[in-house]
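Residue-level structural notes
Next come the chains, spelled out residue by residue.
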Amino acid sequence: CPPDWLVLQVPAWALLEGDTVTLRCRGWRDKLVTSVSFYHDKKELRGFHYGTELSLSPLQLQHSGRYRCRGLVDTGIFWVWKVSAPVTVIVH
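No experiment lies behind these values; they were computed from the predicted model shown.

Focus on the side chain of H63
Here H63 shows up in the loop between strand 6 (53-56) and strand 7 (65-74). The contact partners of H63, leaving out residues within four places of it in the chain, are H40, L56, P58, V89 and V91.

This is how it looks when you write it as structure tokens:
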């Protein structure tokens, strides 16, 4: 069993106000993921994402915080709901 079925990927470079950033919800070993939802500080974000990606543009200070994604993952045997570990985003 993999340690994390879902991983939320965030760029490693410094995020500045006005930039555009895309967060990606990826399945372990590129397992298929569907029905993805994104959360910012435990609040579900609606209408801001497409598929497995969340675009924040233009970045503002209030975009700072902890993000997670939740989705249905194809384990190869069955589909399961999983939630990623939190990722902290800091906008400078």
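Thoughts on the nonpolar core
If you look at the biggest cluster of nonpolar residues, it comprises 21 residues, and the most contacted ones within it are L8, L23, F38, L54, L56, Y67 and C69. Listed by contribution, the elements that provide at least two residues to this core are strand 1 (6-9), strand 2 (21-27), strand 3 (33-40), strand 6, strand 7 and strand 9 (87-89). Here L8 is in contact with L23, R24, C25, F38, Y67, R68, C69, S84 and V87, once residues within four sequence places are set aside.

Examining the pairing of strand 2
Only one face of strand 2 is covered, namely the one carrying V21, L23, C25 and G27; the face carrying T22, R24 and R26 has none of its residues buried. Pairing analysis gives four bridges linking strand 1 to strand 2, with the strands arranged antiparallel. Across the sheet, residue L8 finds its bridge partner in strand 2, namely C25.

Digging into the state of the cysteines
Taken as a whole, this structure holds one disulfide when the rule is applied. A sulfur-sulfur distance of 2.1 Å marks the disulfide that ties C25 to C69. The chirality of the disulfide connecting C25 with C69 is right-handed, given an S-S dihedral of about 75°. Of the two residues, C25 sits in strand 2 while C69 sits in strand 7, which places them 44 residues apart along the sequence.

Here we look at the environment of G51
By secondary structure assignment, the location of G51 is in the loop between strand 5 (49-50) and strand 6. Counting along the chain gives 14 residues from G51 to S37, while the straight-line C-alpha distance between them is 8.8 Å. When residues no more than four places from it in sequence are discounted, the contact partners of G51 are V36 and F38.

Details of the side chain of H40
Its location among the elements puts H40 in strand 3. We classify H40 as buried; its relative accessible area is 15%. Within the structure, the side chain of H40 is placed 2.9 Å from the backbone oxygen of S64, a separation counted as a polar contact. For H40, the residues in contact, after removing those within four places along its chain, are L45, Q62, H63, S64, G65, R66 and Y67.

Rules used throughout
- Residues numbered from 1 in each chain as written.
- Predicted model: local features only at pLDDT ≥ 70, side-chain atom pairs only at ≥ 80, totals over all residues.
- Heavy atoms only, no water.
- Helix = DSSP H or I, 4+ residues; strand = E, 2+ residues; numbered from the N terminus.
- Contact = heavy atoms within 4.5 Å.
- Core = buried A, V, L, I, M, F, W, Y, C linked by side-chain atoms within 4.5 Å.
- Buried < 20%, exposed > 50% of the residue type's maximum accessible area, 1.4 Å probe, protein only.
- Pairing = 2+ DSSP bridges.
- Disulfide = S-S within 2.5 Å.
- Polar contact = N/O pair within 3.5 Å; in protein donor to acceptor, adjacent residues only side chain to side chain.

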